[in-house]
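Listed below, chain by chain, are the residues.
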Amino acid sequence: MDQPTVLNDLTNILADLTADWETSLDAPIGPQTRLIGDLSFESIDVVHLITAIEEHYGRRDLPFEEVMMQDGKYVDEVTVGQLSEFLASHLSA
Amino acid sequence: MKTVLFGLDGATYTVLDHLMAAGVMPHLASLASQGVRANLESTALPLTPLAWTTLATGRSPGHHGITDWIRCQRRGEGTFIHLFDSRDNHCPTLWRRVSDAGLRVTALNYFGLAPPEPINGHTMPGFTSGRHLRRSSHPSDLFARLSAVDGFDVKVLGMDFDVETQGLQEMDREAWFPWIDHQIERDRVWLEVLTHLMREEPSDLTAIVLDGVDKLQHLAYRYLDPAHLPTEPDEWEQRVVARCHDYFRMVDEYLGRALEIVGPWGRLFVVSDHGFTASQEIFYVNRWLHDQGWLTWRGDVPEDDAEACQTDRPAADANLVDLEASRAYALTPSSNGIWIDVAADEFESFRAELESGLRNVVAADGQPVVTDIKRREETFPGAFSEQFPHLTLTLRDHSFISVLNGRAAVAPRSAPVGTHHPVGILLGRGVGLRTGTAEDSYNLLDIAPLALHSLGLPIPAELEGEFPAALYDPQYVASDPPRIATESPAAEPSEAAVDDEEAQFDAEDEAIILARLKSLGYIE
């Protein structure tokens, strides 16, 4: 699956997920959008995002730790671009 | 027959009997005196996600696959956390079975309802952040419809994990009241949703869980259990007791409304997933494993000074241990479990050594702290047995273990806090149910057969529990015996078929019930 398609899917998922949230984002969701800094994600929201992505693609075997962890610790921030890159690489595999 | 499962998470007769006697819960007292009451045993690990899933499926945890709140997966140097959800339950729920039979179901605030599955009725999940309730409810417009009802602030229904974590350890005195008020308001809105749906969109099976009971007891158990009440309470303690009573008084008021809506032609059962008791000490099991030379911390792990089982960051807690360098470790307090990581040819001897060591852990009074050690293959048989820790511990005061580093392996608590007890409650009132206390103790596995029979449905043979016949008048059971279904239900019927079957069932069911009731003298 190519990255523009994945990015579009991910943008739609995030738009639905955050539809009734109060966020600091005043521009459309895009590759530079930060989950925590712009969309006010908390750790539990990441869990729900992963579930929504898994449900959308019908996959539960995606190794999200590759994008959510670094050196054995959880990362402080993830952008939509990083996430779509990760998804594109695994969904096309 | 209309059936309601009124779930009180963690409810125990130890507290409820006191509240009924004090006049705080008159509707529950009436139900207990006019209906039937019994003990209800929980799962081998009395923990909410396992226990409510067992109630909802009639299957034990090794079969349904819910083993804890979270699943920790080793990934390189770290541990990646997954939250268990509906996709991890591998057995059909009551909601699914009842819906497939053409009846309507409402299930509210249960664990394991998200992501939602389409059923004939309503589901709103519990233990879900308010931000995600809209997307996690079924049907998809339920959240919006309820939001439009006057007086419903449905966003309060969601679980605020920061608030809930506060209640698992001591708080500043003045912080108690807004915290208790939050539980009162949150469960009040859940109960408003319950009674609204029971009146406006009634279901054949209606089920709700009120988790405020559990949360309040974790924090304030010593102000609820008469054995621990202060003999000369100060002004603040008197206010805490009164505010806790306000919570139970509110729950009781809505129980009364639910009983009224059910009326004399239905059945209402009050159930809990486990009981409660007082935790008097804390066992820092990872500290003990470290002292034995079997566990290596990841760096310099500070000693806990808050009598805590975990911090407010479970993902960080799971990474406190250097898994690569450890032979045994605990990852979550809620599992009360120890994982063993040794070569296969060492496993049996190491496990025996570990079990022997655990049995010899003693507190300052010289008494053993660990009273039972369960091996997963014996305690949680089934396809998912290997997803449980190798050993599950029962401590003498039923406490949860601490995964943190302690100053010592065992330490007394400065004041008792609430913890889960394996025996909960079961009360029922309605057609055919007898009056009085049942001598037998029942199990969560028996609730699915109980509910299916109450709805006039056959009990699938694969369910592990038994229909609790002794809760009913023998004559009634003779006229309405449980039916065992030996074959799995057919594929999900179409929407049109559901409507047809529902109409047919209603007419036939009513006629059968009326005939039975007449024959037993319940009606003229």
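Data block above holds the structure.
Residues numbered from 1 in each chain as written. Chains lettered and ligands numbered in written order. Predicted model: local features only at pLDDT ≥ 70, side-chain atom pairs only at ≥ 80, totals over all residues. Heavy atoms only, no water.

Participant: Outline the overall build of chain A, listing residues and values.
Facilitator: Across its full length, chain A holds 4 helices and 2 strands. Since a compact globule built from 93 residues should have a radius of gyration of about 12 Å, the 12 Å found for chain A is in line with a globular shape. Along the three orthogonal principal directions, the C-alpha set of chain A runs to about 35 × 30 × 20 Å. Relative to its 93 residues, chain A shows a buried fraction of 51%. When the accessible area of chain A is evaluated, it comes to approximately 4800 Å², of which 48% is carbon and sulfur surface. A distance of 7 Å separates the average location of the 4 positive side-chain charges in chain A from that of its 18 negative side-chain charges. (Helix = DSSP H or I, 4+ residues; strand = E, 2+ residues; numbered from the N terminus. Rg over C-alpha atoms; globule rule 2.2 N^0.38 Å. Buried < 20%, exposed > 50% of the residue type's maximum accessible area, 1.4 Å probe, protein only. Areas by Shrake-Rupley, 256 points an atom, 1.4 Å probe, with all protein chains shown as cover. Lys, Arg positive; Asp, Glu negative; His and termini not counted. Charge placed at Lys NZ, Arg CZ, Asp CG, Glu CD.)

Participant: Describe a negative patch on the surface, with residues and values.
Facilitator: A cluster of acidic residues, Glu42 of chain A together with Asp160, Asp162 and Asp312 of chain B, forms a negative patch at the surface. Note that Asp160 of chain B resides in the loop between α7 (142-147) and α8 (161-166). (Patch = residues over 30% accessible without salt bridge, like charges linked within 9 Å, V, L, I, M, F, W, Y side chains within 5 Å. Salt bridge = Lys/Arg side-chain N within 4 Å of Asp/Glu carboxyl O.)

Participant: A description of the interface of chain B and chain A should follow, citing residues and the corresponding values.
Facilitator: Across the boundary between the two partners, chain B contributes 22 residues, which contact 26 residues of chain A. Summed over both sides, the interface between chain B and chain A buries roughly 2100 Å², with carbon and sulfur atoms accounting for 51% of that surface. At the junction of chain B and chain A, the tally comes to 7 salt bridges. Of the charged contacts in the structure, one is a salt bridge between Asp16 of chain A and Arg135 of chain B, with a shortest N-O distance of 3.0 Å. Between chain B and chain A we count 10 residue pairs in polar contact (both at pLDDT 80 or more) in total. (Contact = heavy atoms within 4.5 Å. Buried area = accessible area lost by both parts, 1.4 Å probe. Polar contact = N/O pair within 3.5 Å; in protein donor to acceptor, adjacent residues only side chain to side chain.)

Participant: Residue-level account of the sheet that holds strand β10 (residues 328-329) of chain B, with values.
Facilitator: Residue and element names in this part refer to chain B. The 4 strands are arranged β10-β11-β13-β12 in an open sheet whose pairing can be described as antiparallel. The open sheet terminates on both sides in strands that have one partner only, identified here as β10 and β12 (370-375). Note: β10 against strand β11 (residues 337-340), 2 bridges, orientation antiparallel. Bridge pairing in β11 places Tyr329 opposite Trp339. (Pairing = 2+ DSSP bridges.)

Participant: Now, about the pattern of salt bridges: what can you tell me, with residues and values included?
Facilitator: Residues and elements named next belong to chain B. This model, assessed by the stated rule, comprises 40 salt bridges over all chains. Residues Glu462 and Arg97 are paired through a salt bridge, measuring 3.2 Å at the closest nitrogen-oxygen approach. Of the two residues, Glu462 is situated in the loop between β17 (459-460) and α17 (474-479) and Arg97 in helix α5 (residues 94-100); the sequence distance between them amounts to 365 residues. Looking at Glu462, the relative accessible area reads 31%, which means it is partly exposed.

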